Amino acid sequence: MQTGKTIKEQSGILGRIAALYVKYKGIISFLWAFILSDACLMGSIRPFGLCYAMTLPEETRLWGCVGAFAGSMAISGGGEGMVYCAAGMIALAADVFLLSGSRSREIYLPVMLAALVAFIKLPFALFGGVPQLLLLILEGAVTLLACYCLMLPKDGHENIPGYVMRMLAASAFAGLRVFSVMSPSLAAVSLMTMNEAYYRGSRGAPLGMLMGAVMDMSIGQAPFFTAALGIAGALSACTRRRGRAVFALSFLGSMISVMIWGMADNRAVLGLFAAFAAAIVFLLLPEREYENTAPGGALHTESDIFQQSSSLSLRLRELGRAISSISRSIAAEEQGCGGDISGIFDRAAADVCSSCRMSRRCWMDDYVSTFDSMNALIPILRRDGHIDNEDIGGSLRDGCIKKGDLCAAINHEYISYLRRKAAASRRKAEDEVLRRQYEGLGAAARGLSASTRDDYVRKPLLQKQISAVLFAYRRDLTAEVYSQGGRLNMRIGLFERCEPWIDEQSFLNSIALAVGRRFHPGEVIEGRKGDILLFRECENYVVSVSSAVKKREGEEVCGDTNINFRTDDGRMTVMLSDGMGTGRRAAELSKNAVGLVASFVRCGCSLADSAGAVIPFLQSRCRSSGFATLDLLEIDLFTGAAVMIKCGAADSWLVRGKEVETICCRALPPGVDDGSGEISANLMLHDGCRIVMVSDGVEIADPAVLTRADLRAGELIGSGNVSDDMTAVVIDIKAADKTAL
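As a starting point, this report considers the structure included with it.

Procedures and definitions
- Residues numbered from 1 in each chain as written.
- Predicted model: local features only at pLDDT ≥ 70, side-chain atom pairs only at ≥ 80, totals over all residues.
- Heavy atoms only, no water.
- Pairing = 2+ DSSP bridges.
- Helix = DSSP H or I, 4+ residues; strand = E, 2+ residues; numbered from the N terminus.
- Axes fitted to C-alpha atoms, helices over the stretch in contact; angles between N-to-C directions.
- Contact = heavy atoms within 4.5 Å.
- Core = buried A, V, L, I, M, F, W, Y, C linked by side-chain atoms within 4.5 Å.
- Buried < 20%, exposed > 50% of the residue type's maximum accessible area, 1.4 Å probe, protein only.
- Expected span 1.5 Å × (residues − 1).
- Salt bridge = Lys/Arg side-chain N within 4 Å of Asp/Glu carboxyl O.

## Here's the deal with the sheet that holds strand E8 (residues 571-578)
- The strand order across the open sheet built from 5 strands is E7-E8-E9-E10-E13, with neighbouring strands paired in antiparallel fashion. In this open sheet, the two strands that pair with only one neighbour each are strand E7 (560-566) and strand E13 (680-684). Across the sheet, the mean angle separating the axes of adjacent strands is 10 degrees when strand polarity is ignored.
- Pairing analysis gives 6 bridges linking E8 to strand E9 (residues 630-636), with the strands arranged antiparallel. What sits directly across from Thr573, in E9, is Glu634.
- Contacts from helix H23 (residues 583-602) reach E7, E8 and E9, with the element oriented near 160 degrees to E8.

And the structure:
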């Protein structure tokens, strides 16, 4: 029971790069470990290739370690290179045999790696005196910190492993020069500092200082770049709301001032050329899709859901797997069937024949013939349910002196056997329903995980167009445009408390003319620093629902329940349930049935996954409390794709112009059967389509009446006394009026 799934695939250069990485990730891990082995601090601290290799996933860890070993031997030489190779081999063996599966591996592994490097290099450091010992302590601390940071989860803006990898790469290429005066590594570090200062404000200064410190320890000693990048990041961050050009000039001016002040240092020329290169690249690069904030604003601080969507998706997926594992364990559990039927003769003989003086002759001298006589009674037991004295044949016909007692014992044991078999069958059926419940819940969790995975997609081109329109109305606001669940969203802010807003409808009209997209009026999202207006894209289809209900004559309430609602991601859901019987009891059954499904749909699950999670539960509960039908419809208001799910429900009708098509699924209500039959139908709707859903009490003699343009649900029920509850729902699908602004 699955509706069509929206599959979001990466395209373009990024998609091809991702595909190549997946295909050759082992070789790429080898190359990165080899390159990072050249990352160096203070002239002799080079454990970074090994740190990177040890923190790789299990499938590529060996590739990375080989690359780190090769890099250490090729770059550091025989002596120092052998130190890192030895530390890496011991750490790899200990990781495989001691830390594999440990919950605290992210703590033990960095400590163990740092201790191994320090222990192996300790004899060499002792010969160098106190300076070498201090340097060894620093290397141990750096090894522990680098390894620990690389093992942290990559979570949105706090991507610490990404920052560490950039610093290590900058250190590895620190010695590279272009025309002897240009350092690509320093230019990249300057560009990263600019990006952080422009998008994150005050966070640019600390990151610039850290990046500068890495460069200083890689190519020099005095903290020259530490001060230069820290000051430039702090000063330029104050101008980021004035646009990219002003920000770039501010950063470049700050760097030039620092370079002139420190012109005596031979690194000033490198820094000056790197600042110019970073500023030019910063101005030429388009808005990056991986950023979750627009220039000049900090909207991401007001909506943490986008930063946590990745981890939320992973947790939901793991939850789905865990629940599915429970369902598989229930299915795999062996259930007894009450024992072998031949065992009833053993127990009967033990009760009757043990005190009989003829038992030795029957069960020892004539065992085979006695056993055959007993087995001949099995067909009679299964046919009649009992045996009489005349049914005993073979050697027991004339040899048994306790036929009456033996027949009574066999009949008693056979009844007990049937009871055990029935109980085992009930347990097996209950376990199967329980298994299907867990299976449905697991599918719902996995479906919700799929809907949240990659749910936030930046739209930089549309954001640039909308920002230009917004600039004409207000220059101090920022626009953020993204797609979520296939629907375009736009956030405008930040607003100070009680700050007046522009003419909203005029602004939305301008947006519609500029980008061809229409948005609903804004929703206010309150934040700590101010408010944000959230605008959601208008759907391509509009659904109108007309419903009519009539209770049975003499009853206080109608036993049918129908609800309809629209979800935030652009789905229209219509639900109709007919409780078996009439009155309050039937109304309670139908209300609970649609309420359970609706609760899953409202939390983001598809209708198919929601029904899959709820129907097994209804099957187990309804056997004792009563039955209720399910007639469910979900329409994607952007594409027109629809799915209808019916369990025991009356036929529905799909009207396309003058054509009327019957929609029927022959599955019984939940609990009446095992729910294994096909219960869903996929539809593709367009402008002018109509769907009519009714409960069992409604009879439509002429389907042609359903094609009337002005049809209302009340006309299908009629008037007068009725003998059953009646509900009719008419759903009309129209294309949205894109000219209405």
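## Focus on the nonpolar core
- Of all hydrophobic cores here, the largest spans 76 residues; its most connected members are Phe48, Met54 and Met255.
- Excluding residues within four positions of it along the chain, Phe48 makes contact with Leu36, Ala39, Leu41, Val142, Ala146 and Leu168.
- With 22 residues, the next largest nonpolar core counts Val597, Ala598, Leu618 and Leu632 among its residues.

## Considering helix H12 (residues 244-261)
- With 18 residues, H12 extends 26 Å between its outermost C-alpha atoms, agreeing within 8% with the 26 Å of an ideal straight helix rising 1.5 Å per residue.
- For H12, every residue scored as buried is listed here: Arg244, Phe247, Ala248, Ser250, Phe251, Leu252, Ser254, Met255, Val258 and Met259.
- The elements touched by buried residues of H12 are helix H9 (184-200), helix H11 (224-237) and helix H13 (268-284).

## Here's the deal with the pattern of salt bridges
- For the structure shown, the criterion picks out 16 salt bridges.
- A salt bridge links Asp38 to Arg46, with the shortest nitrogen-to-oxygen separation between them at 3.2 Å.
- With a closest N to O distance of 2.9 Å, Asp631 and Lys646 form a salt bridge. Pair noted here: Asp631 is in strand E9 and Lys646 is in strand E10 (residues 641-647), with a separation of 15 residues, a long-range link.
- The class for Lys646 is buried, based on a relative accessible area of 0%.
- Connected via shared salt-bridge partners are Arg487, Glu539 and Arg566.

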